[in-house]
Amino acid sequence: MAQITLQNLKKSFGKTNVLKDISLEIKDGSFTILLGPSGCGKSTLLRILAGLEEESSGHIYMDTKEITYNEPKDRDIAMVFQNYALYPHMTVYQNIEYGLKIKKIPKAERKQMVTGVLEMVELTDHAQKRPNQLSGGQRQRVALARAIVKRPGAFFMDEPLSNLDAKLRNHMRQELIELQAQLKTTFLYVTHDQVEAMSMGTHIIILNQGEVMQQGTPKEIYTNPQNLFVAQFIGSPPVNIMKQGDYSIGIRPENIRLVQAFDPAEDTYQIDGELLSTEQLGGETIYRVKTEYGKLNVKTPSRWDSIDKPVQLTFSKEDVLFFGEDGNRIAPQYELLEDLRVAPQLHFA
Amino acid sequence: MSNYQSNSIDIAALEPIQAKSKRARKWRLLTKPYIYLAPSLILLWIWMYYPTLSTFVLAFQNWGMVPGTAPTPVGLDNFVRLLSSKDFGISIINTLFYTVGLLPFSIVIPLFLAVATHKMEGKMKNVYRAMFFIPLILAPVSVGAIWRWLFHPTNGLVNDLLLQFGLIDSNIAFFSDPVFAKWLILLITGWKMIGFGTILFSAALTGISKDYYEAISLEGANRFQQFRDLTLPLLSPMIFLVLMMSLLFSSQWTFAYIDILTQGGPFGTSTNIYYEMYKYGFSNMDVGLSAAAALLFFVVFGIIAFVLNNITKKYAFYDN
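If you're wondering where the values come from, they're calculated on a predicted model, not measured in any experiment.

> Give me the domain arrangement of chain B: which residues, what numbers.
All names here are of chain B. When cut into domains, chain B gives domain 1 (21–72) and domain 2 (78–315). The distance between the C-alpha centroids of domain 1 and domain 2 comes to 32 Å. At the junction of the two partners, domain 1 supplies 11 residues and domain 2 supplies 13 residues. Of the roughly 920 Å² buried at the junction of domain 1 and domain 2 (both faces included), carbon and sulfur atoms supply 74%.

> How would you summarise the packing of aromatic side chains if you had to cite specific residues and measurements?
What the rule picks out here adds up to 26 aromatic pairs over all chains. Here the aromatic rings of B:Phe174 and B:Phe180 are separated by 5.1 Å at their centres, their planes lie at 70°, and the arrangement is edge-to-face. For B:Phe174, a relative accessible area of 4% puts it in the buried group. Note on B:Tyr275 and B:Tyr278: the rings are 5.8 Å apart at their centroids and 40° apart in plane angle, and the pair reads as tilted. Of this pair, B:Tyr275 and B:Tyr278 both sit in helix H10 (residues 273–282), three residues apart, which is roughly one turn of that helix. Residue classification places B:Tyr275 among the buried positions, given a relative accessible area of 4%. For B:Tyr278, a relative accessible area of 32% corresponds to the partly exposed category. Here the aromatic residues B:Phe255, B:Tyr274, B:Tyr275, B:Tyr278, B:Phe282, B:Phe297 and B:Phe301 are joined through ring pairs into a cluster of three or more. Directly above the aromatic system of A:Tyr334 lies the positively charged group of A:Lys317, at a separation of 4.6 Å from the ring centroid.

> Describe unusual backbone geometry, listing the residues and the values that go with them.
All names here are of chain A. Between Ser236 and Pro237 the backbone carries a cis peptide bond, its omega angle lying at -5°. By the element assignment, Pro237 lies in the loop between helix H8 (228–233) and strand S11 (240–244). Positive phi is not limited to glycine here, since Lys104 has a value of about 60°. The phi angle at Gln209 is positive, at roughly 45°, despite the residue not being glycine. Along the chain, Gln209 falls in the loop between strand S9 (203–208) and strand S10 (211–216).

> Requested: an account of the side chain of B:Gln225, with residues and values cited.
You can see B:Gln225 is positioned in helix H9 (residues 223–262). Classification of B:Gln225 as buried rests on a relative accessible area of 15%. If we skip the residues at most four places from it in the chain, B:Gln225 touches A:Tyr98, A:Ile102, B:Gly220 and B:Leu230.

> Explain the interface of chain A and chain B to me, using residue names and the numbers behind them.
Many structure descriptions define interface size as the accessible area lost when the parts assemble. Taken residue by residue, the interface counts 23 residues in chain A and 19 residues in chain B. Summed over both partners, the interface of chain A with chain B buries about 1,900 Å², with 61% contributed by carbon and sulfur atoms. Residue B:Glu214 pairs with A:Arg47 through a salt bridge whose shortest N-O separation is 2.4 Å. Our enumeration of links across chain A and chain B arrives at eight residue pairs in polar contact (both at pLDDT 80 or more). Counting residues per element, the side of chain A that touches chain B draws most heavily on helix H2 (residues 92–102) of chain A, which supplies four residues. Its residues assigned to classes, the side of chain A that touches chain B comprises 13 nonpolar, five polar and five charged.

> Outline the confidence of the model for chain B, supporting the account with residue identities and numerical values.
Chain-level pLDDT for chain B is 87 on average; 97% of the residues reach the 70-or-more range. Averaged over each element, pLDDT in chain B is lowest for strand S2 (residues 72–73) of chain B (84) and highest for helix H8 (residues 210–218) of chain B (92).

> So what's going on with the pattern of salt bridges? Residues and values would help.
Enumeration according to the criterion identifies 10 salt bridges over all chains in this entry. For A:Glu159, the salt bridge is made with A:Lys42, and the minimal N-O distance between the two is 3.9 Å. Of this pair, A:Glu159 sits in the loop between strand S7 (154–158) and helix H5 (166–183) while A:Lys42 sits in helix H1 (residues 42–50), and the two are 117 residues apart along the sequence. Take A:Glu159: its relative accessible area is 10%, and that puts it in the buried class. Overall, A:Lys42 belongs to the buried group, its relative accessible area being 4%. A:Arg47 serves as the salt-bridge partner of A:Glu53, at 2.8 Å between the closest nitrogen and oxygen. When its relative accessible area of 15% is taken as the criterion, A:Arg47 is described as buried. Within this structure, A:Arg47, A:Glu53 and B:Glu214 form a network of salt bridges that share partners.

About the criteria used
- Residues numbered from 1 in each chain as written.
- Chains lettered and ligands numbered in written order.
- Predicted model: local features only at pLDDT ≥ 70, side-chain atom pairs only at ≥ 80, totals over all residues.
- Heavy atoms only, no water.
- Domains from an automatic or database assignment.
- Contact = heavy atoms within 4.5 Å.
- Buried area = accessible area lost by both parts, 1.4 Å probe.
- Phe/Tyr/Trp six-rings, centres within 6.5 Å; stacked < 30°, edge-to-face > 60°.
- Buried < 20%, exposed > 50% of the residue type's maximum accessible area, 1.4 Å probe, protein only.
- Helix = DSSP H or I, 4+ residues; strand = E, 2+ residues; numbered from the N terminus.
- Lys NZ or Arg CZ within 6 Å of the ring centre and 35° of its normal.
- Salt bridge = Lys/Arg side-chain N within 4 Å of Asp/Glu carboxyl O.
- Polar contact = N/O pair within 3.5 Å; in protein donor to acceptor, adjacent residues only side chain to side chain.
- Nonpolar A, V, L, I, M, F, W, Y, C, P; charged D, E, K, R; others polar.
- pLDDT = per-residue confidence, 0-100.

See below:
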């Protein structure tokens, strides 16, 4: 169990600043996600925390103890790699046992620990197999078991699910959530997949170009994005951005309603558009609509009926996000929506 | 609307396949591979299989390679002469000496060098690798000439240095000395072959994922444990390959230096089976004896190769 604190952490490769002055707290027992597009520095950050890479400057603390200059093995962490890095010449059992052997834990105790962990990840029957005899999901579980058996203060995971197929990934996501709930240990999890981040994290840190864009609970990140980057990065399809002078206004696709005809009593704002395409996702339907403010995505619970090309869109002003010219979130400026107000005379004419 | 898709094409309207074109395809598939293989098969037959087969036949015949004469069958006579000859006994012992003696140069030192230089970065890595590799690509004859000059009995650099440092009182004729000759041949061959193993081990090392080392260092393994528990098992296929090549080819590798520096002497103390074979055939013009030696060589080394191959299959680990 450990809280990890980062103070003014910087990293540059030559002239490229990969991490620009990062200060963070990763809370004890949290399932913290480092989320960002590829090249944002999230993996580098994780590797620096693990001691596999050297920071350029800054400090790392585990609880109150500084570990900046500690060797990886002296950091009380366990890491799960993207391609698992299971020792290919060892059996599942030996893979899990190896770290304990190095720590000179007596054989009887080792056996007890390994057997326990094997049971936990439901691989008891596969103990004597080599990694290449296992499926992707099983290898993933061996990698987890190898980390769990060390009983570390924190688990580091670098995109551990990205080599699995979609169905297995969904399954492993749930397993990881349950595992974390069971172990109550800090998980630090790197991913570029917002679905993983939203579904698993108790805390999300969004990185872009080596800077923290925002951090908070999934709910805070989704409903209250602090800037355009976060708003656009989270959500599928991404938030619709409409330019209004120097300002941007954003509305999430699920907050736009597709209506047959405007009802001035209910609808305050109107956008006329032309339907470009329809995506049926089974549980929901996504419409792509061309408007004078650009192409907008609209997400509705699934609708199987066919819709006429000219469509009308509306929304409530509470759902609108406002961004200043620097891309940062600003207080609501409802006057920016004046252009979109339903003009009653058009409809009563 | 039906839930099932029905065929919209009328099967009867499809053109039936011509029997002729079906046969043509079969013929094409049968002949094409052999046409492509033919050039190398022909060359292999001329340079490898035919000579090998005729060696088998010549081993039981007597022939002086004189034009116009024909080999005469002599049964097992060649083998009897071979096994009772004193030279042959020495050559077998020396072959063992060279074969075992080369292992440090083909495996142990290269393994150390490859691992030591693996983590190097930048230009120095290539400089180091070139240093080990250059002797390998030098022509054996020029290597022989250089070493002969260095160890020259009267005006060689080595004698000169030893005299200057007062380690010896008078010049040593290294290549005429029964002890030095053998060891020098071994050292020169070893020096030349270090690059061979180094380059192969270095290549094999780059094939091992960096992740394994990160994982194992996170588990607290020190460099020796990393080498023992990770590098060695993962390099095992390459180690067995180099071991096999070293065992099988060491007589061949030493041949050039024996020929250039000592001609097997003094008193046959530096010869090996390969050089003896050459001597029987091309100095003594005793083709039968040479072929008999070659046949024995072929069988013994064939057995070694077979055994090693099975050991490799059993113990080497292939990471696929």
